[in-house]
Amino acid sequence: MKKFILLLWMFLPLASLPARTIEDSLEIRRAVLDYAEGFYSGDVVRMERVIYPDINQVKPGKVSQAGNIALIYSTNSELLEAARSGAGKLEDGKRQISINILSIYENVANAKLVSAKFNDYLQLVKINNQWKIINVLWTDGLDTRDKINDSQLEQEKSAIKHTAEDYIHGIFTSDTKRLESVVHPEYNKVTLTTAEDSEKTVFGKQKYSTLIENSDAKLIMIDEPQWMIEVKVVDVMDGLAVVEISTGFNYEYIQMFKTGEQWKIVNSIVADNPKSSYYQYLPAIVGMPMPDFTFQVYGGGTFTLSEQKGKNVLLIFLRGSLGNIWCKICQYWYAEFSELERLEDLRKKYNMEIVFVLPYNSKMIADFFQTIPTGLEEMEKAKNPGQDALLWQKEAAEVKKRMFPKKYEWTQKDISTSLPMLVDSERVVSKRLKLFTTHWDQINSEQNIPTTYIIDKNGIVAFKYYSQTTYDRPDWNYIKSILEKM
């Protein structure tokens, strides 16, 4: 008992941990100790109470002079029968057991066990208030191999992290080749969920074939702003590693091993992120809060939506580039609101900020402004195509005359940036709101689907207009009617 307490204090500053974590730490340590000492003493009962029936225990082992690696498995019954037969028996003073709890997250834990005959990375789950070992990746122990050398951490950290990043990026983008390059064919993934009827923890399993088939079928395609990926190399030991991956959806702990110069993922356990919000999966919805954001403003300064509380916000996502030309309607619209603001003082009249967004960097946005005079000229030409124009050109001209009735003649001196143009160069918000696309209204280009929002003084989306074609937009009179009712 004294030895156990000493180990606990060596690896865990208990006074700094919350009560539940302290209690879980003690129970996890007991479970790992039951597993190790049960095997060394031949105490099958002690082992059986802490091993999950469907345990996945795997050891990478060399099978040829060339150093080829094969995975060696032990089932629940094999472990227990080996202990029962006395195959692992070793005197207490020779066992050299040390335990390090690497992480505790909700009902999932990772531990490191070093001992005379085996060194293990263990993944544990809490079932009915009892911690059980469900995944194990192990190698030879202190007496059967060279002493472990944790200096490998700094040597291998970059490669391990890169492997984990390829894995999670491959899942979120359904990049099958990327997954195949880092996941071992005997991959085993355990997923924890809560049953709705009983609220008990339920385990699901996914194997390599399911992972790859799901990827090939593009069943999982996550928008990048929702990824929120953080990768942390937790521990490295003699060609084995444990990595934590946190995302906007869950926490995943992966066990991997090195074969040749390549790290391969073999075991994984996943638990939901309790801080994951349902709202992060939704676009901006009328009647709900608009997601907050901060943008650089073209020409200088920043714009933070939450700082506009107390004022209405007219937020317009312009389509932008059509490849090698700019959307002329976008340029017309910016000119129209600039003129309305100058003549009618819209911002003061409606207690409102008017802001535009383009999904490009400042250099591209500068070109957008510089070409407004030309764009307005071309708009006027399109509204008056001449007698020899084709039928569709004449019809399009009538639509444009009705939707864009005013004639604006700007020169380079007239170009105004008085209304803020927000720079979404990383497309963070455009993607978050599901507006950014590479194909829309028959044009292949990196662009936004033109969308207009009115956000009220409390930060709630009061109005949203999501365009179906480039001509489809609410005009100023319609927007004004909405504002006057607010």
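The structure we're discussing is the one just above.
Report follows, based on the coordinates. Here the structure is a predicted model, which means the values were calculated and not measured. (Residues numbered from 1 in each chain as written. Predicted model: local features only at pLDDT ≥ 70, side-chain atom pairs only at ≥ 80, totals over all residues. Heavy atoms only, no water.)

## Points about the layout of surface pockets
As a volume, the largest pocket reaches approximately 400 Å³. Contributing to the lining of the largest pocket are 19 residues, with Leu322, Lys328, Lys400, Thr470 and Tyr471 lying nearest its centre. Looking at the lining of the largest pocket, the element that brings in the most residues is helix 12 (residues 391–403), giving five residues. (1 Å grid on protein atoms, 1.4 Å probe; cavity = no way out; pocket = protein on both sides within 12 Å on 5 of 7 lines; lining within 4 Å. Points joined across faces, edges and corners; volume = space filled by probe spheres on them. Helix = DSSP H or I, 4+ residues; strand = E, 2+ residues; numbered from the N terminus.)

## Re helix 10 (residues 362–370)
Buried within helix 10 are the following residues: Ile365, Phe368 and Phe369. Buried residues in helix 10, looked at end-on, bunch into an arc of 95 degrees, giving them a common side. In the core, the buried residues of helix 10 are packed alongside helix 8 (328–344), strand 16 (352–358), helix 11 (372–383) and strand 17 (421–423). (Buried < 20%, exposed > 50% of the residue type's maximum accessible area, 1.4 Å probe, protein only. Arc of directions from axis to C-beta. Contact = heavy atoms within 4.5 Å.)

## Considering unusual backbone geometry
Phi is positive for Glu106, which is not a glycine, with a value near 50 degrees. Residue placement: Glu106 occurs in the loop between strand 3 (98–105) and strand 4 (108–114). Judged by its relative accessible area of 38%, Glu106 is partly exposed. Its identity as a non-glycine residue notwithstanding, Asn129 has a phi of 65 degrees, on the positive side.

## Thoughts on the sheet that holds strand 13 (residues 294–297)
Taken together, the seven strands give an open sheet; going across it, the order is 14-13-17-16-15-20-21, and neighbouring strands pair in mixed fashion. Each end of this open sheet is capped by a strand with a single partner; those strands are strand 14 (302–304) and strand 21 (461–466). Across this sheet, the average inter-strand angle for adjacent strands is 30 degrees, counted without regard to direction. Bridge count for strand 13 against strand 17 is two bridges, and the pairing is antiparallel. Directly across from Val297, in strand 17, lies its bridge partner Leu422. The strands that helix 8 touches are strand 15 (312–317), strand 16, strand 17 and strand 20 (451–455); relative to strand 16, the one it contacts most, it runs at about 160 degrees. Those strands touched by helix 10 are strand 16 and strand 17, and its axis lies near 155 degrees from that of strand 17. (Pairing = 2+ DSSP bridges. Axes fitted to C-alpha atoms, helices over the stretch in contact; angles between N-to-C directions.)

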